[in-house]
Amino acid sequence: MEKIMFFSDSPSDLLPEDTVGEPYKIVSSSVIYDDGRVIKETDVDRDEFYAYLQTCKNIPGSAMGTPDQWIEALKEAIENGYTHAIIYTISSTASSVHQSITLAREAVEAEHPGALTVEWIDSRQYSMIYGRLILESLKQIRQGWSFQKVADDLRERTQRNQGILGTYSLRCMQKSGRISGMAAFAGGVLGIRPILLARDGVIAPVEKVRGEKNLVPALIKHIKERIVNPEEQDVYITHGIVPEEELTIMEIMLLEEVKVRSVRRHNIGVTVVLNCGPETIIVGFYGEPL
């Protein structure tokens, strides 16, 4: 009889309270501060980290889970009687985590041949854009779906998965070197707010709007252009330090204009916020398949 364990890395942005009682384990990234501290992402208070990013001189670095961490996690699954494992991770275009997983799979198979069938699936995404797919898969496991059916359905949903991002500030991107200081200064002076589309491992700009009040309506416009069967979708607004008024407007527009089934809120995790900054809002949804 199959007993399925689900694994992901911490950039899925799921919190322990999201998966209480589920057959699920996070293999955490580490946050590396310039004072030498190394802390697991899952141990970092997100609100405190957002505040830190607004004042720190140097942006911390991050490191994905090591092969040894993955080996330990897979061995623990075997010890607990699991026969199958699905691993769903941040896009391979942004991380080398799949290399660590490959090494771990080979090591565990050599030590425990045939004990655990492991399937790694590349999410091709970031943050709760792929984290929410994990929650759907865990629900399927609770309902008794077979290992192969869960994995096949996750691959199919991955092909339809997209996300829209908007940021209210370019400061963190400038500090991390993702944009130049001049570009950040010009954007701040002009009130430019970039909108980006995350799809199939690529995050690409699709529009620049001027002024904070125009960001949410522009995000909604791009979601409406791309979403398919919104009435069947439960979407997440993933955010850092974003005004409550803007989050409320986004939630109302998603329900009344886009007509999604439900809206939930979640906060951005550390690895992701290091790249986009805490003044960011993200919405994941299903569109046309690739």
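Quantities reported herein were computed from a predicted structural model and do not represent experimental measurements. (Residues numbered from 1 in each chain as written. Predicted model: local features only at pLDDT ≥ 70, side-chain atom pairs only at ≥ 80, totals over all residues. Heavy atoms only, no water.)

## Here we look at the overall build of the protein
What counts here: Secondary structure elements follow DSSP: runs of H or I of four or more residues count as helices, runs of E of two or more count as strands, with numbering from the N terminus. Every radius of gyration here is taken over C-alpha atoms, with the globule rule written as 2.2 Å times N^0.38, N being the number of residues. Each residue gets one of three labels from its accessible area relative to the maximum for its type: buried under 20%, exposed over 50%, partly exposed in between, using a 1.4 Å probe on protein chains only. Only heavy atoms enter the contact rule, under which two residues are in contact if any of them lie within 4.5 Å.
The number of helices and strands found in the protein is ten helices and 13 strands. The C-alpha atoms of the protein give a radius of gyration of 19 Å, which matches the 19 Å a tight globule of 290 residues would have. The 290 residues of the protein split such that 51% are buried. When contacts within the protein are restricted to residue pairs at least 6 apart in sequence, those whose partners lie at least 24 apart make up 76%.

## A short note on unusual backbone geometry
Of all residues except glycine, most have a negative phi; of all peptide bonds, most are trans. Phi at Asp13 is positive, roughly 70°, even though this residue is not glycine. Looking at the element boundaries, Asp13 is found in the loop between β1 (4–9) and β2 (24–27). A relative accessible area of 0% means that Asp13 is categorised as buried. Residue Arg124 is not a glycine yet carries a positive backbone phi of 60°. You can see Arg124 is positioned in the loop between β7 (117–122) and α4 (128–142).

## Section: the packing of aromatic side chains
For clarity, the threshold we go by: Aromatic rings from Phe, Tyr and Trp, with only the six-membered ring used for Trp, were paired whenever their centres fell within 6.5 Å, and each pair was classed as stacked if the ring planes differed by under 30 degrees, edge-to-face if by over 60, and tilted otherwise.
Counted under the stated rule, the structure contains six aromatic pairs. Taken together, a centroid distance of 6.4 Å and an interplanar angle of 45° make the contact between Phe6 and Tyr24 tilted. Note that Phe6 is positioned in strand β1 and Tyr24 in strand β2, a separation of 18 residues in sequence. Residue Phe6 is classed as buried on the basis of its relative accessible area of 0%. Both rings, one in Tyr88 and one in Tyr130, keep their centres 5.9 Å apart while their planes meet at 75°; by these two values the pair is edge-to-face. On the criterion of sequence distance, the pair formed by Tyr88 in strand β6 (residues 84–89) and Tyr130 in helix α4 is long-range, its members being 42 residues apart. For the residue pair Tyr88 and Tyr130, the accessibility class agrees, reading buried in each case. Three or more aromatic residues link up through ring pairs in this structure, and these residues are Tyr33, Phe49 and Tyr52.

## Things to note about the confidence of the model for the protein
Quick reminder of the rule: pLDDT runs from 0 to 100 and stands for how confident the predictor is about each residue.
Overall, the predicted model of the protein reaches an average pLDDT of 92, with 93% of residues at or above 70. Across residues 179–190, where pLDDT falls below 50, the model places 13 contacts with residues more than four positions away in sequence or in other chains.

## Brief notes about the packing of α4 against helix α5 (residues 147–160)
Rules: Between N-to-C directions, angles cover 0 to 180 degrees, with each direction set by a line fitted to C-alpha atoms, over the stretch in contact for helices. For classification, angles of less than 35 degrees are called roughly parallel, those exceeding 145 degrees roughly antiparallel, those between 65 and 115 degrees roughly perpendicular, and all remaining angles oblique. By convention, the crossing between two helices is left-handed when the near helix turns anticlockwise from the far helix through less than a right angle, and right-handed when the turn is clockwise. The nonpolar class holds Ala, Val, Leu, Ile, Met, Phe, Trp, Tyr, Cys and Pro. Asp, Glu, Lys and Arg form the charged class, and all remaining residues, Gly among them, are polar.
At a minimum axis distance of 10 Å, the contact between α4 and α5 shows a crossing angle of 155°. Taken together, the axes of α4 and α5 are roughly antiparallel relative to one another. The crossing of α4 and α5 is right-handed. For the pair α4 and α5, the contacting residues are Leu133, Glu136, Ser137, Gln140 and Ile141 in the first and Val150, Asp153, Leu154, Arg157 and Thr158 in the second. Here the contact of α4 with α5 is composed, by residue class, of four nonpolar, three polar and three charged.

## Structural notes on the nonpolar core
Condition: Buried Ala, Val, Leu, Ile, Met, Phe, Trp, Tyr and Cys residues form a nonpolar core when they are joined through side-chain atoms within 4.5 Å.
By size, the foremost hydrophobic cluster in this structure holds 40 residues, and its most contacted members are Phe6, Phe7 and Ile86. Only β1, β2, α2 (67–79), β6, α3 (97–111), β7, α4 and α5 provide two or more residues apiece to this core. If sequence neighbours within four positions are ignored, Phe6 has contacts with Pro23, Tyr24, Lys25, Ile86, Tyr88, Ile134, Ser137, Leu138, Ile141 and Leu154. Counting residues in each nonpolar core, the second largest holds 25 residues, with Ile164, Leu219, Leu247 and Val263 among its members.

## Concerning the sheet that holds strand β4 (residues 38–40)
Basically, it comes down to this: Paired strands are those between which DSSP finds at least two bridges.
Read across the open sheet, the three strands follow the order β4-β3-β5; overall the sheet is antiparallel. Only two strands of the sheet have a single partner each, and these edge strands are β4 and β5 (61–63). Between one strand and the next, the sheet's axes are offset by a mean angle of 30°, whatever the strand orientation. Relative to β5, strand β3 (residues 30–32) runs antiparallel, the two being bridged by three bridges. From the neighbouring strand, Ile32 faces β5, where its bridge partner is Gly61.

## Thoughts on the pairing of strand β10 (residues 202–210)
As defined by bridge partners, strand β9 (residues 192–199) adjoins β10 across eight bridges and the pair is classed as antiparallel. Looking at the pairing, Ile192 lines up with Arg210 of β10. Between the end of β9 and the start of β10, which pair antiparallel, lie two residues, with Asp200 showing a positive phi angle near 55°.

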